[in-house]
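# Structural overview
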Amino acid sequence: MSNIKMVEAPEGVEGSGFFATQFDKVVGMARSNSLWPLPFATSCCGIEFMATMGSHYDLARFGSERPSFSPRQADMLMVMGTIAKKMGPIVKQVYLQMAEPRWVIAVGACACSGGIFDTYSVLQGIDRIIPVDVYVAGCPPRPEQILDGVLQLQEIARNESIRRRNLPEYQALMESYAIQ
Ligand code: SF4
């Protein structure tokens, strides 16, 4: 017996020979099940991501099996590891090179808050330089937690209006990070 689960179709109106739904919901379903990650791994948390990609945890089950090392073909920036202040502008540049819609997961205590490195040289959380959608706690987080973070991001992507990125609130958020 197969345990493969199929993605549910969005809510809609069904009848013989037709199915009608909202454009937002179809786009949300497609986006949420094809989030291509850009793994920005600088230290130990990156190893947990490697385990998450492996056959046991198998991130591919959620449509994210294709890591993109070019920001231009990535949807989901996953920052994993300690980010030194010198590295901050590089993270931001990678984020800027990603096309909209783009999402960010801060994986592990270092990316979320600087972690144990409360010191002059370490960025105390990547949300000082780019907006973050999901925070995954832990030092390091287990692969299950990383998967949970991806599932939470899927939920955000699935329910996001396709107009969100044109809204004044979103533009104000970008401006607060000096991003045009
Ligand atoms: S959160 Fe812990 S495991 Fe992850 S990069 Fe920082 S020190 Fe390493």
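The residue count restarts for each chain, going from 1 along the sequence in the order it is written. Restriction of local features to residues with pLDDT of at least 70 applies here, the model being predicted, together with a cutoff of 80 or more for giving and counting side-chain atom pairs; totals for whole chains, interfaces and linings are based on all residues.

### Some remarks on the overall build of the chain
Heads up, the condition is: Counting from the N terminus, the helices are the DSSP runs of H or I reaching at least four residues and the strands are the DSSP runs of E reaching at least two. Here the globule rule is a power law, 2.2 Å times the number of residues to the power 0.38, and the radius of gyration is based on C-alpha atoms. Exposure criterion: with C-beta atoms placed from backbone coordinates, a residue whose C-beta has 20 or more other C-beta atoms within 10 Å is buried, one with 12 or fewer is exposed, and one in between is partly exposed. A pair of residues counts as a contact when their C-beta atoms, built from backbone coordinates, are within 7 Å of each other.
A count of helical and extended segments in the chain gives six helices and six strands. Scanning the chain from its N terminus toward the C terminus, one meets helices and strands in the order β-β-α-β-α-β-α-β-α-β-α-α. Over its C-alpha atoms the chain spans a radius of gyration of 17 Å, differing by no more than 12% from the 16 Å that the globule rule assigns to 180 residues. The C-alpha extent of the chain, read off along each of the three principal axes, is 65 × 45 × 25 Å. Put simply, the chain has 180 residues, and 29% of those count as buried. When contacts within the chain are restricted to residue pairs at least 6 apart in sequence, long-range pairs at least 24 apart make up 77% of them.

### Overview of the sheet that holds strand β3 (residues 37–41)
In plain terms, the rule: Should DSSP find at least two bridges between two strands, the strands are regarded as paired. Only the stretch in contact is used when fitting a helix axis, every axis being a line fitted to C-alpha atoms; angles between N-to-C directions are given from 0 to 180 degrees.
Ordered by their spatial adjacency, four strands build an open sheet running β3-β4-β5-β6, and the pairing between neighbours is parallel. Taken across any chain shown, the strands that pair with only one partner, and hence form the sheet edges, are β3 and β6 (134–136). Strand-to-strand twist in this sheet, taken as the mean axis angle between neighbours without regard to direction, amounts to 20°. Relative to strand β4 (residues 76–80), β3 is paired through five bridges, and the arrangement is parallel. Looking at β4, one finds that Pro39 is bridged to Met78. Sitting on the sheet, helix α2 (residues 45–53) touches β3, β4 and β5 (103–107), and the angle it makes with β3 is about 145°. Most of the contacts of helix α5 (residues 143–159) go to β5, to which it runs at about 160°, and overall it touches β4, β5 and β6.

### Structural notes on the site of the ligand
Filter applied, for reference: The C-beta atom of each residue is placed using the backbone, and any residue whose C-beta lies within 6 Å of a molecule or strand is treated as near it. Nonpolar residues are Ala, Val, Leu, Ile, Met, Phe, Trp, Tyr, Cys and Pro. Charged residues are Asp, Glu, Lys and Arg, and all others, Gly as well, are polar.
Close to the ligand lie Ser43, Cys44, Cys45, Gly81, Thr82, Gly108, Ala109, Cys110, Gly115, Cys139 and Pro140. Sort the elements by how many residues they give to the shell around the ligand and helix α4 (residues 108–113) lands first, with three residues. The residue inventory of the shell around the ligand, partitioned by class, reads six nonpolar, five polar and no charged.

### Observations concerning the packing of α2 against α5
To keep things clear, this is the line we draw: Angles below 35 degrees are treated as roughly parallel, those above 145 as roughly antiparallel, those between 65 and 115 as roughly perpendicular, and all remaining angles as oblique.
Where α2 contacts α5, the axes come no closer than 9 Å and their chain directions differ by 75°. Taken together, the axes of α2 and α5 lie roughly perpendicular to each other. Two secondary-structure elements touch here, α2 through Glu48, Phe49, Ala51 and Thr52 and α5 through Pro143, Ile146 and Leu147.

### Remarks on the nonpolar core
Put simply, the test is: Joined through C-beta atoms within 7 Å, a set of buried Ala, Val, Leu, Ile, Met, Phe, Trp, Tyr and Cys residues constitutes a nonpolar core.
Counting 35 residues, the largest nonpolar core has Leu77, Met78, Val79 and Val107 as its most contacted members. Elements with a minimum of two residues in this core: β3, α2, β4, α3 (88–97), β5, α4, β6 and α5. Setting aside chain neighbours within four positions, we find Met78 in contact with Pro37, Leu38, Pro39, Phe40, Phe49, Ile105 and Val107.

### Let's talk about the pairing of β5
Rules: Convention used here: a crossover is right-handed provided that the path from the first strand, over the helix, to the second strand proceeds clockwise when the strands point away from the viewer.
The buried count for β5 comes to five of five residues, which makes it a mostly enclosed element. Neither face of β5 is open: one carries Trp103, Ile105 and Val107, the other Val104 and Ala106, and all of them are buried. Note that β4 and β5 share five bridges and pair parallel. Residue pairing across strands places Val79 opposite Ala106, the latter belonging to β5. Between the parallel elements β4 and β5, the chain passes through α3 in a crossover that is right-handed. Sheet analysis places β5 next to β6, joined by three bridges and oriented parallel. Bridge pairing in β6 places Val107 opposite Val136. The handedness of the β5 to β6 crossover, carried by α4, is right-handed.

Keep in mind that these numbers describe shape and distance, not what the molecule does.
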